[in-house]
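Overview (structure and organization)
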Amino acid sequence: PYSFVDETFLSMKGRNELEIKHLLWIAADLKERIKKWNETIRPLEGKSVAMIFQKRSTRTRVSTETGVALLGGHSVFLTESDIHLGVSESLADTARVLSGFVDVILARVNVHDDLKTLAKNASVPVVNGLSDIFHPLQILADFLTLQEHYGYLHGLNLAWVGDGNNITHSLMMAAPKVGINLNIATPKGYEPHTDLRKACAEFAEEHGTSVNYTSDPREACAGANVIVTDTWVSMGQETEAQKRLKDFKGYQVNDELVKVAADNWTFLHCLPRKPYEVSDEVFYSDHSLVWQEAENRKWTVMAVIASLVTDLEPEIPVPKW
Ligand code: CP
Ligand code: NVA
């Protein structure tokens, strides 16, 4: 009932509750049937994915390449040193040419607007593999992980501690719609974008969830079920590193901070991780779901790509959200 055909996947902003849950259901279905029951499911047979990467990647690249292969498809990994992109051919022309070869374009870009240019000029769906503003694929993996761990999403209190960055933005575009309350702690000057805060408030209002902003990590983590952080220096911000490390002092997720969380607290991190934002004690603790979260990048990107170009429907019972 929720057709993703010919649509793009640039952010979670335009995805409603049913669409997000449907994608999670497909991801859970693929994971159960392929990993647990060893089924062969090949909806991407004969289909190709172009993967344009302007920045480094371990998870997004490997999860997509292996996930597409597992579903019978083929992917081509393209960096700026491989193709003409932006150097001797415009983004728009690249999008038109690639559309004649592949069924999906997944792109990791420096500037979010470049994704919009790709999507506008491509005649195939474009998937955001991370931009400076959003990282929607990560949030699907996070939700699948929480769904697996808790057995539900509705009513979870999630604390974000750190930079108001691309991951925060994507969480804000999705969490309120699936019943997750957000408490976001960022240092002054590192808050999420104002217009995304406005959109998030509207989603929260519509779905009866709450969103709070603070500059106090303890306040955000009080009673939290889920604590999430990310690097303080995202890709492209390397020249700001010294200043950022100073400005984020006191924001490390560590044993002291998690004392105020709920007893059933868990920890998520999109990775790659640096010890300054989360201590080893928390990162490697039993409460940390980071490896499961990383693996779930694969099952969720498979769900996104398969939904965009096939009419694959899940067979397992719909999860209790
Ligand atoms: N979490 C994530 O997107 O990791 P990569 O940068 O390794 O793709
Ligand atoms: N915020 C980080 C996420 C990496 C997956 C970055 O953009 O570098």
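Everything quoted here is computed from the prediction, not taken from an experiment.

Digging into the overall build of the chain
Within the chain, the secondary structure is distributed over twelve helices and nine strands. Relative to a compact globule of 321 residues, whose C-alpha radius of gyration would be 20 Å, the chain shows 19 Å and is just as compact. Its C-alpha atoms give the chain principal-axis dimensions of about 55 × 45 × 35 Å. Relative to its 321 residues, the chain shows a buried fraction of 58%. Surface exposure of the chain reaches about 13600 Å², of which carbon and sulfur atoms provide 50%. Side chains of the chain carry 32 positive and 43 negative charges; the gap between the two charge centres is 3 Å.

Some thoughts on the sheet that holds strand E4 (residues 126–128)
Within the open sheet, the four strands sit side by side as E2-E1-E3-E4. Their pairing is parallel. Edge positions in the open sheet fall to strand E2 (74–79) and E4, since each of these has one partner strand only. Each adjacent strand pair in this sheet contributes to an overall mean axis angle of 20°, direction not counted. The sheet contact formed by strand E1 (residues 48–53) and strand E3 (residues 104–108) spans five bridges and is parallel. Opposite Met51, over in E3, you have Leu106 as the bridge partner.

Looking at the site of ligand 2
The full set of residues close to ligand 2 is Leu130, Asn165, Asn166, Asp230, Thr231, Ser234, Met235, Cys270 and Leu271. For ligand 2, an oxygen atom lies 2.8 Å from a polar atom in the side chain of Asn166. One of the backbone nitrogen or oxygen atoms of Met235 is found 2.8 Å away from an oxygen atom of ligand 2. Coverage of ligand 2 by the protein amounts to 94% of the 270 Å² it exposes when considered alone. Looking at side-chain class alone, the shell around ligand 2 contains four nonpolar, four polar and one charged residues.

Examining the site of ligand 1
In the vicinity of ligand 1, the contacting residues are Ser57, Thr58, Arg59, Thr60, Arg108, His135, Gln138, Cys270, Leu271 and Arg297. Thr60 places a polar side-chain atom, nitrogen or oxygen, 2.7 Å from an oxygen atom of ligand 1. In the environment of ligand 1, an oxygen atom lies 3.0 Å from a nitrogen or oxygen atom belonging to the side chain of Arg297. Across the complex, the protein chains shield 96% of the 260 Å² of accessible surface that ligand 1 would expose by itself. Residue composition of the shell around ligand 1, by class: two nonpolar, five polar and three charged.

Some words on the packing of aromatic side chains
As enumerated under the stated definition, the model contains nine aromatic pairs in all. With a centroid separation of 4.6 Å and 55° between ring planes, the pair formed by Tyr190 and Phe248 is classed as tilted. Taken together, the residues span a long stretch of sequence, with Tyr190 in the loop between strand E6 (181–185) and helix H7 (194–207) and Phe248 in the loop between helix H9 (241–247) and helix H10 (255–258) at a distance of 58 residues. Residue classification places Tyr190 among the buried positions, given a relative accessible area of 10%. Relative to Tyr284, the ring of Phe283 has its centre 4.9 Å away and its plane inclined at 85°; by these criteria the two rings are edge-to-face. Through successive ring pairs, a cluster of aromatic residues spans Tyr190, Trp232, Phe248, Tyr251 and Tyr276.

Some details on the side chain of His269
Residue placement: His269 occurs in strand E9 (residues 266–269). We classify His269 as buried; its relative accessible area is 0%. Those residues in contact with His269 that lie beyond four places of it in its chain are Thr229, Asp230, Thr231, Glu277, Val278, Val290 and Glu293.

Looking at the environment of His269
Sequence spacing of His269 and Asp142 is 127 residues, and the spatial spacing of their C-alpha atoms is 8.6 Å. At a separation of 2.7 Å, a polar atom in the side chain of His269 contacts the side chain of Glu277.

Re the sheet that holds strand E8 (residues 226–229)
In space, the five strands of this open sheet follow the order E7-E6-E5-E8-E9, with parallel pairing throughout. Looking at strand neighbours, the two that pair on one side only are strand E7 (211–214) and E9, the edges of this open sheet. Within this sheet the neighbouring strands show an average axis-to-axis angle of 20°, counted without direction. When strand E5 (residues 157–161) meets E6, the two strands line up parallel, connected through five bridges. Each residue of the ladder has a partner; that of Ala159, found in E6, is Asn183.

Here's the deal with the environment of Ser63
Mapped onto the elements, Ser63 comes out in helix H2 (residues 59–70). Between the C-alpha atom of Ser63 and that of Tyr251, which follows or precedes it by 188 residues, the distance is 30 Å. Sequence-distant contacts of Ser63, defined by excluding residues within four places in its chain, comprise Arg297, Lys298 and Val301. Here the side chain of Ser63 touches Thr60 through a polar contact of 3.3 Å, landing on its backbone oxygen.

Here is what the cut-offs are and how they apply
- Residues numbered from 1 in each chain as written.
- Chains lettered and ligands numbered in written order.
- Predicted model: local features only at pLDDT ≥ 70, side-chain atom pairs only at ≥ 80, totals over all residues.
- Heavy atoms only, no water.
- Helix = DSSP H or I, 4+ residues; strand = E, 2+ residues; numbered from the N terminus.
- Rg over C-alpha atoms; globule rule 2.2 N^0.38 Å.
- Buried < 20%, exposed > 50% of the residue type's maximum accessible area, 1.4 Å probe, protein only.
- Areas by Shrake-Rupley, 256 points an atom, 1.4 Å probe, with all protein chains shown as cover.
- Lys, Arg positive; Asp, Glu negative; His and termini not counted.
- Charge placed at Lys NZ, Arg CZ, Asp CG, Glu CD.
- Pairing = 2+ DSSP bridges.
- Axes fitted to C-alpha atoms, helices over the stretch in contact; angles between N-to-C directions.
- Near = heavy atom within 4 Å.
- Polar contact = N/O pair within 3.5 Å; in protein donor to acceptor, adjacent residues only side chain to side chain.
- Nonpolar A, V, L, I, M, F, W, Y, C, P; charged D, E, K, R; others polar.
- Phe/Tyr/Trp six-rings, centres within 6.5 Å; stacked < 30°, edge-to-face > 60°.
- Contact = heavy atoms within 4.5 Å.

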